[in-house]
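Close look at the chain arrangement
One-letter residues, chain by chain:
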Amino acid sequence: MAVTTEPSRPAADDTPTGTAGGGGADPGGRVRPRRRPRPTAGRVLAWTALVGIMAITLFPFYWMLRTALSDGSVLATQPSSLLPVEPTTGAFERVFGLATTEEAQAQGGSGAAISFWRYLLNSVLVATVITAGQVVFGAMAAYAFARMRWPGRDAVFFLFLTALMVPPIFTQLPNFLLMRDLGLLNTYPAIILPFFFMTPFAIFFLRQFFLGISSEVEEAARLDGSGHVGTFVRIIVPMSWGPITTLALLQYVLAWNEYFWPLLVGSAQDVRVLTVALGIFRSQTPQGTPDWAGLMAATLVAALPVLLLFAVTSRKIVNSIGFSGIK
Amino acid sequence: MSSTAPSGPALPQSPAGDGPVPVPARPPGRGGGRGAQSDGARARQRRENLVAAGFIAPSLLGFGVFYFWPTLRGLYFSLTDFDFFSAPAFVGLANYQRLLEDPTFWNAMRVTLLYVAINIGVQTVLALAIAVLMHRLTQSTFVRSVVVMPYLVANVVVALVFFWMLDAQIGIVNQALAGVGLDPVAFFGDEAWVIPTIALVNVWRHMGYTALLLFAGLQMIPGHLYEAARTDGASEWRMFWSITLPLLRPVLAVVLVITMIGSFQVFDTVAVTAAGGPADASRVLQYYIFDLAFQRLDYGYASAVSVVLLLILMAVAVVQLRLTRANESDLG
Amino acid sequence: MTRRRTPGRAARAAAAGTALGLLVAGCGTTSEVGEGGWEETGTLTYWMWDSAQLPAYQQCAEQFEADNPDVDVVIEQFGWDDYWDKLFTAFVSNSAPDVFVDHTSRYADYATRGLLQPLDDLVERDGVDLSVYVEGTTDLWVGPDGSRYGLPKDFDTVGVFYNAEMMADAGYAPEDLWELDWNPEDGGSYEELIARLTVDRNGVRGDEPGFDKTSVATYGLALEGAGEGFGQTEWSMYTGATGWTHTDQPLWGTEYQYDDPRFQATIAWWRGLVDKGYMPPLAQTVGGSVDQQLQADRYAMATQGSWNINNLTRLQGIELGTFPTPVGPSGERAAMFNSLADSISTSSPRKGAAWAWVKHLGTVECQSVVARGGVVLPARTEVVAEAEQTLAATGVDIKAFTVHVEEGTTIPVPITENGAEVNAIMGPAMDRVVGSTAPVESLVEANERVNRLFGTADPQ
């Protein structure tokens, strides 16, 4: 039951003809040359499907970029142009707050003031703290649900499960009132707290992975004198690093994209997060016509940090997730 | 539903282990050591309970304060005529009675179910396809990054981008349709199209994310199973049905429960695009609740509808978990 | 910008709908409405939604602070949809802004719950002269209980915008457009114009033989939506010109009249424009905003509010003109008239300072700053000319909008209680009629449901 983290795969795997992954425990090591499967009709079809899906996935992003680089005020004149209409970086200047009010309005923007870097910092702070809390507390709870036996466990788990089903519309206002009563409005804690301690999803998600880990692993650890804390910290967490990283990333994205709650409790300038600031591009524009160029530019800019984060961590996920011999 | 002593069906993979009584050399068939508990075992159990309490405490705090208590209040308000600004008067089940006779509610129910059916159906199939394609074809981080990209963009923004791209008159999709000689489709303006459109927009955003979750599950499937099957000359198709799907089932169940619950709560996309229209064709439950509570300050009634939504979701979760038996190892 | 639409509609628009819903949540304490206080000093919070006007009001705040060194005015601005959500939450949590920009379609809900400070005593005490305001504006802010809940800041009416180039091609001179008449039977010379401006993809006009209504390149008239219960910029200029009114009395009526034959005939005519190919099908109007379509040459004309002048004239690539809504069977034109106002929260601890600020917003000093902002028509009669000049610089004939005020052909925005409920019924009902999935007669039933809210439905 050796828990071995697989070394990075050879680069060949990244090519279309690479061997199917799937843990790919290759007993022969790297000495034996990998058989490259012939490009059968099925494989060609599969690749076509995958490439097709990727194209469908990417096109809207291209369209965002194309729109962001257009001059918002003339955008509607050439709806079918695949290239930006009267290309300009004006929309990005608006996002970074570099354009004057007049410039912004001439291009269909609102001209409201924006301190981009401040909002970015707030977003990073808020999303990081929320994610840290959710992952740590979520993993702890998931462990207690999955690998420990205690009275009321199933009942509590079922209750937690129902939390997943409570329509957010149901809880947000009381939570708002609570924040007000605690005097926390327009502070970081107000934005963070309701998400910090628990999100049913994290517990549910990790518990499912913890369940899949063979109990022999931890029993062995127990024999070595580890208590639950030790087992959790030294065995379970390292073994589940892949799911945990995945979860962390997903929760980070969720926290990053959260809009209404921070708008509610943290719209003041000094704690305003990026999404709230970006609302400016949405509904502050004249006559309900979104400043499409500005909005798309803002969206790209707001998504960029998360995209980068993903680009960095996804490799880590790939490399850490390939266990062999767990079962 | 649970007790301290091991109860319920002892399933081969009971993950909780048989904690209380560690037996040095565990025989393969578990279940030994379930005899009378010694004082030492009881003490150990007490210690274990304490440790468990410690593990669970932060989550319990968050749950109690930010989920449980507000929900209880919501339940209470569903029995009142609360309108936010005056003291709530108890009205018994009047709100629930009204609900039975409210055609808009039943329409919202129908619309929501249609949405969920399309959204979950298409999304699950696509996500599974993507996950398996990635799993069997390539480990490429690039591919994975691409498919999950839509999820990195906020809901509201995704809705807006598609609203823009699918515009009946100047959207690029209709421009393309016109280019090949087709009539424009009013994706968000046509009563027949609006729900399928919104459902597919959300499929676009979530399929990669769902695929990633499934992919993580696929990674847990030992690769040697595939190697062995391949040696036996099994086709990819056959391996999918005999290896991938059965072993993925617990993860698939979790993912289904979560995506379906999320699907029932669709709101942002509707609010940003069709806003319930045309003629109630996109008035999903959550949007109806929002409308009642927020636009019409009818909080008591909105709470009643929320409670119904909550009950539906709980039923969905229970049924699904039973059907897929993902929880057989503990909730049974 | 000043989107003076009705609330339900607003919820969609700017997209903002957003996550907003989350808000409503479950609710909370029974928040008793705070009593507030009458401090004269401190930091005043002022909320508005129109970012285009923010600079003007910032300037007003500076004027005010110079005169009142003990008061700081902090202006906070949120887009239209977020605005009402935030305001609602703020009221619930007793943290409402001291003063805020208010909308006629919204204030009844707040006023009847005691959230707005009645201004009558203050107006009387300080001898505020209400006659300086454009006629009709102040009346809109007297609530169902007879108390005054806001001092007007601007006003708006509705007119017709047209693509000047297309109009010239169609053979109309700008002055002809002031002579148009309309009736619900054949649409009069107004419909002739709409038909003439409609062009199919083969270049055939809507009034020429061989016109292909299934393949229209440019619609003569824009369609923005079915108009819910008000039809402010959609159909109220026609129904109003038949002499029909929404309710049994101009303000705070208790009986809607959607079952009136004049109303139904007008809607039937209006919907008929879609069947004739002169106006786009309702389904196609979801999403694309009218200004984008004008810009893309999809529409030749659009009925729009005066608050949109600044926005529309900024559109590049097209030149727009304006003319007033046509004369109807009543012998007069009609245009819905609305006004925004500044309201004070009951719970404000510094209502003394708040009142001083509200008064300042109504001074010539501040109002002419607003006028020069060139976005809206200010509520003070004496500075309207100034705003007209600013707007004239954009090349648009503002008279098309103000003529209604001069000639007394405005119809007040139909304020009643249960506004949100009325639109919840009428929105889908009008969608079905205009979308041709229900006959016009179905509005009789809708009318009954509406009047049941007021207990004035005809017993069946």
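Each residue is numbered by its place in its chain's sequence as written, counting from 1. Here every chain gets a letter starting at A, and every ligand a number starting at 1, in the order they are written. Residues qualify for local features only when their pLDDT is at least 70, as the model is predicted, and side-chain atom pairs are given and counted only at 80 or more; totals for whole chains, interfaces and linings, by contrast, use all residues. Here the side-chain values reflect all heavy atoms present in the structure, with hydrogen atoms and water set aside.

**Points about the interface of chain B and chain A**
- A contact between two residues is defined here by any heavy atoms of the two lying within 4.5 Å. Chain B puts 108 residues into the contact, and the matching count from chain A is 112 residues.
- Buried surface at the junction of chain B and chain A, summed over both partners, amounts to about 10,300 Å²; 74% is from carbon and sulfur atoms.
- In this description, buried area is defined as the sum, over both parts, of the accessible area (probe of 1.4 Å) that is lost when the two are combined. When the buried area of chain B at its contact with chain A is split by residue, B:Phe55, B:Phe66 and B:Trp164 rank highest and sum to 8% of it.
- Between N or O atoms, a polar contact is any pair within 3.5 Å; within protein, one atom must be a potential hydrogen donor and the other a potential acceptor, and residues adjacent in sequence are included only when both atoms are from side chains. At the boundary of chain B and chain A, one finds eight residue pairs in polar contact (both at pLDDT 80 or more).
- Counting residues per element, the side of chain B that touches chain A draws most heavily on helix H1 (residues 39-77) of chain B, which supplies 23 residues. Numbering of helices and strands runs from the N terminus; a helix is a DSSP stretch of H or I covering at least four residues, while a strand is a stretch of E covering at least two.

**Some remarks on the sheet that holds strand E6 (residues 199-200) of chain C**
Residue and element names in this part refer to chain C.
- Any two strands between which DSSP finds at least two bridges are classified as paired. Strands sit in the order E6-E7-E8-E5-E9 across an open sheet of five strands; the sheet is mixed. Because the sheet does not close on itself, it has two edges, and the strands there are E6 and strand E9 (320-323).
- One ladder, built from two bridges, connects strand E7 (residues 216-221) with strand E8 (residues 299-305); its direction is parallel. The residue of E8 that forms the bridge with Leu-221 is Met-301.
- Only the contacting stretch of a helix is used when fitting its axis, a line to C-alpha atoms as for every element, and angles between N-to-C directions run 0 to 180 degrees. Taken strand by strand, helix H7 (residues 188-197) contacts strand E5 (158-163), E6, E7, E8 and E9, and its axis lies near 135° from that of E8.

**Section: the state of the cysteines**
Residues and elements named next belong to chain C.
- By convention in this document, the label disulfide applies to cysteine sulfur atom pairs within 2.5 Å. Across all of its chains, the model carries one disulfide over all chains by this definition.
- A disulfide bridge connects Cys-60 with Cys-366, and the sulfur atoms are separated by 2.1 Å. One disulfide, between Cys-60 and Cys-366, carries an S-S torsion of 95° and so falls in the right-handed class. Here the residue Cys-60 occupies a position in helix H2 (residues 54-67), and Cys-366 occupies one in helix H13 (residues 364-373), the gap between them amounting to 306 residues.
- Under the relative-accessibility criterion, Cys-60 is labelled buried at 0%. Exposure is judged per residue with a 1.4 Å probe applied to protein chains only, and the accessible area is read against the type maximum: over 50% gives exposed, under 20% gives buried, and values in between give partly exposed.

**Considering the packing of helix H3 (residues 103-137) of chain B against helix H7 (residues 194-219) of chain B**
Residue and element names in this part refer to chain B.
- Contact geometry of H3 with H7 gives a least axis separation of 6 Å together with a crossing angle of 40°. Classified by the angle their axes make, H3 and H7 are oblique. Judged by the twist between their axes, the crossing of H3 over H7 is right-handed.
- Classes in brief: Ala, Val, Leu, Ile, Met, Phe, Trp, Tyr, Cys and Pro nonpolar; Asp, Glu, Lys and Arg charged; the others, Gly included, polar. The class makeup of the residues in the contact of H3 with H7 is 23 nonpolar, seven polar and no charged. Throughout, the term roughly parallel applies to angles under 35 degrees, roughly antiparallel to angles over 145, roughly perpendicular to angles from 65 to 115, and oblique to all others. Here a crossing is taken to be left-handed if its near helix is turned anticlockwise relative to the far helix by less than a right angle, and right-handed if that turn runs clockwise.

**Side note on the packing of aromatic side chains**
- Only rings of Phe, Tyr and Trp enter the pairing, Trp through its six-membered ring, and a pair is recorded when the two centres are within 6.5 Å. The plane angle decides the type: under 30 degrees is stacked, over 60 is edge-to-face, the rest tilted. Within this structure, the stated rule accounts for 62 aromatic pairs over all chains.
- Site record: aromatic cluster; members linked through ring pairs are A:Phe145, A:Trp150, A:Phe157, A:Phe160, A:Phe204, B:Phe63, B:Tyr67 and B:Phe68.
- Lysine NZ or arginine CZ positioned within 6 Å of the ring centre and within 35 degrees of the ring normal marks a charge as sitting over the ring. Between the NZ or CZ atom of A:Arg207 and the centre of the ring of A:Phe157, over which it lies, the distance is 3.9 Å.
- B:Arg98 extends its terminal NZ or CZ atom over the ring of B:Tyr301, reaching a point 3.7 Å from the ring centre.

**Looking at the pairing of strand E3 (residues 99-102) of chain C**
Residue and element names in this part refer to chain C.
- When strand E1 (residues 42-48) meets E3, the two strands line up parallel, connected through two bridges. The partner of Trp-47 across the bridge, within E3, is Phe-100.
- Direction of pairing for E3 relative to strand E10 (residues 335-344): antiparallel, over a ladder of four bridges. Across the sheet, the residue bridging to Val-99 is Ile-344, located in E10.

**Brief notes about the packing of helix H5 (residues 153-163) of chain A against H1(B)**
- In the contact formed by H5(A) and H1(B), the axes pass within 11 Å of each other and the chain directions differ by 45°. Relative to H1(B), H5(A) is oriented oblique. Classified by chirality, the crossing of H1(B) by H5(A) is left-handed. Only B:Ser59, B:Leu60, B:Phe63, B:Tyr67 and B:Phe68 of H1(B) make contact with H5(A), whose side of the interface consists of A:Val156, A:Leu159, A:Phe160 and A:Ala163.
- Residues of the contact of H5(A) with H1(B), tallied by class, amount to eight nonpolar, one polar and no charged.

**Description of the environment of A:Ala298**
- Summarising the element assignment, A:Ala298 is placed in helix H14 (residues 292-321).
- For the pair A:Ala298 and A:Leu274, spaced 24 residues apart in the sequence, the C-alpha separation amounts to 9.2 Å.

**A short note on the environment of C:Ala371**
Residue and element names in this part refer to chain C.
- Of note, Ala-371 is situated in helix H13.
- Overall, the relative accessible area of 0% leaves Ala-371 in the buried class.
- Separated by 14 residues in sequence, Ala-371 and Ala-385 have C-alpha atoms that sit 8.6 Å apart.

Note that every value here comes from positions in space, so none of it alone points to a role or purpose.
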